[in-house]
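One-letter residues, chain by chain:
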Amino acid sequence: MSDARPLAKVLIVDADPAKLQALNAALTTAAYQVTSAASASFALTTLERDRPDLIVSGNRTEDMDGVEFCSIIRSDPTTHDIPFLLLSGPTRPTPWAVAQAGVDMLVAGDFVVSTVLDRISKLLRHVAPQSEPGAPPPAPPPRVTVPRAEAGARTFEGSFGVLDLTEVTQAIALGGKTGRLSLELTAGEGSLLFDSGRVVHAEFDSRTGESAFAAMVSAAQSDPEGTFRFQPSAELPAGSEARTIHRSVDQLLLSIASEIDEGRAAAGVPPPPPRT
């Protein structure tokens, strides 16, 4: 009796037939089950009978843009937890629109099949493929999606080759989110804690507070392969009582932008105190 795991199902939606064909061929070769559609409306009609493990959408489908498509997916309780990868092309949507829609990962710039395959693999690392109807369940645990602290809470992740840290910070702040933003950079790992849209703590390279945040911003700017992941929560994680940042996000970013221009952020020099 074979104990092979079922193949992960990927739904591709894009108005460009050449992209659909290229991704279909590459994903099939990489041992994924693939379905495709040029129209988001048509794709939505297929979800009830053939739920995918991941949706990959272009910035434009035949009848709506990818951000709108993702918003519809998130608004339906039966599909809201399906991971969503947006291929925005050269014209990317604003970070705020991406975060609000619930996009899990954004790939901007030129269409490169190998890059898309890498992002698909990363998004599916938290998902166990579904079994076909009527088939016995596989030996591994059942389908598991990224843990979320509350209904509707979405992770938000990507690379600094697409969004810089200031844009990510602003998107989380505008959404009034609470949670942890984790960074993986060549220079090391870092994290930011948000409380209702305010940055309240930063850790990076044995530093804390505003100097840590300044160093992260500087490091991320020169590390396009660096990645980030925001995990929202209903309240701050246990043990995060210490608050090392007290200024607003706007004040913080303006100060850090000035420091980077002066070459101080990379050295982790703390910003001057706000004027009174």
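Nothing here was measured: the structure is a model prediction, and the numbers come from that model. (Residues numbered from 1 in each chain as written. Predicted model: local features only at pLDDT ≥ 70, side-chain atom pairs only at ≥ 80, totals over all residues. Heavy atoms only, no water.)

> Help me understand helix α3 (residues 66-75), please; the structure alone is not making it clear to me.
Among the residues making up α3, those that are buried are Gly 66, Val 67, Phe 69, Cys 70, Ile 73 and Arg 74. Along the axis of α3, the buried residues cluster in a sector spanning 160 degrees; they form a single face. Contacts from the buried residues of α3 go to β1 (9-13), α2 (40-46), β3 (54-58), β4 (84-89) and α4 (95-101). (Buried < 20%, exposed > 50% of the residue type's maximum accessible area, 1.4 Å probe, protein only. Helix = DSSP H or I, 4+ residues; strand = E, 2+ residues; numbered from the N terminus. Arc of directions from axis to C-beta. Contact = heavy atoms within 4.5 Å.)

> Which parts of the structure should I look at to understand the side chain of His 201?
Looking at the secondary structure, you find His 201 in strand β9 (residues 198-204). The class for His 201 is buried, based on a relative accessible area of 9%. In this structure the side chain of His 201 is engaged in a polar contact, spanning 2.8 Å, whose partner is the side chain of Thr 244. Excluding its chain neighbours within four sequence positions, the residues that come into contact with His 201 are Ser 191, Leu 192, Leu 193, Thr 208, Ala 242, Thr 244 and Ile 245. (Polar contact = N/O pair within 3.5 Å; in protein donor to acceptor, adjacent residues only side chain to side chain.)

> I tried to follow the pairing of strand β8 (residues 188-195) on my own but got confused; where do I start?
Side chains on a regular strand alternate between the two faces of the sheet. Direction of pairing for strand β7 (residues 179-185) relative to β8: antiparallel, over a ladder of seven bridges. Considered in β8, the bridge of Ser 182 is made with Ser 191. Adjacent in sequence and paired antiparallel, β7 and β8 are bridged by two residues. Two strands pair when backbone bridges link them, and β8 and β9 are joined in this way by six bridges, in the antiparallel orientation. (Pairing = 2+ DSSP bridges.)

> Honestly, the packing of helix α6 (residues 165-174) against helix α7 (residues 209-221) in this entry has me stumped. Any pointers?
Each pair of packed helices can be summarised by the angle the axes make with each other and by the distance between the axes. Closest axis-to-axis distance for the α6/α7 pair is 9 Å, and the angle between their directions is 125 degrees. Overall, the two elements α6 and α7 adopt an arrangement that is oblique. Each of Leu 165, Thr 166 and Thr 169 in α6 lies in contact with α7, whose residues at this interface are Phe 213, Met 216, Val 217 and Ala 220. Partitioned by chemical class, the residues of the contact of α6 with α7 number five nonpolar, two polar and no charged. (Axes fitted to C-alpha atoms, helices over the stretch in contact; angles between N-to-C directions. Parallel < 35°, antiparallel > 145°, perpendicular 65-115°, else oblique. Nonpolar A, V, L, I, M, F, W, Y, C, P; charged D, E, K, R; others polar.)

> What am I meant to see in the nonpolar core here?
Generally speaking, a soluble globular protein has its nonpolar side chains buried in company with each other. Within the largest apolar cluster, 49 residues are counted, with the highest numbers of intra-cluster contacts made by Ile 55, Phe 69, Phe 84, Leu 165, Leu 181, Leu 192 and Phe 213. Looking at which element gives the most residues to this core, the answer is α7, with eight residues. Apart from the residues within four sequence positions on either side, Phe 69 is in contact with Val 13, Ala 40, Ala 43, Leu 44, Ile 55, Ser 57, Met 64 and Phe 84. The next biggest cluster of nonpolar side chains, apart from the first, holds 18 residues, and it includes Leu 27, Val 34, Leu 85 and Leu 87. (Core = buried A, V, L, I, M, F, W, Y, C linked by side-chain atoms within 4.5 Å.)

> Honestly, the environment of Asp 195 in this entry has me stumped. Any pointers?
Looking at where Asp 195 falls in the secondary structure, it is placed in strand β8. Note on Asp 195: relative accessible area 22%, which makes it partly exposed. In this structure the C-alpha to C-alpha distance between Asp 195 and Lys 177, which are 18 residues apart in sequence, comes to 6.6 Å. For Asp 195, the contacting residues outside a window of four places in its chain are Lys 177, Thr 178, Val 200, Leu 236 and Arg 243. At 2.5 Å, the side chain of Asp 195 and the side chain of Arg 243 are in polar contact.

> Help me understand α6, please; the structure alone is not making it clear to me.
Note: α-helices contain 3.6 residues per turn, so residues at a spacing of three or four share the same orientation. The set of residues buried in α6 consists of Leu 165, Glu 167, Val 168, Thr 169, Ala 171 and Ile 172. In the stretch just after α6, Gly 176 is the one whose phi turns positive, near 60 degrees.

> Explain unusual backbone geometry here, please?
Glycine aside, negative phi is the norm for most residues, and most peptide bonds take the trans geometry. The backbone of Ser 196 sits at a positive phi, close to 55 degrees, despite the residue not being glycine. Mapped onto the secondary structure, Ser 196 falls in the loop between β8 and β9. Located in the positive-phi region is Ser 206, a residue other than glycine, with phi close to 65 degrees. The exposure class of Ser 206 is exposed, given its relative accessible area of 82%.

What is shown is where atoms sit, not what they do.
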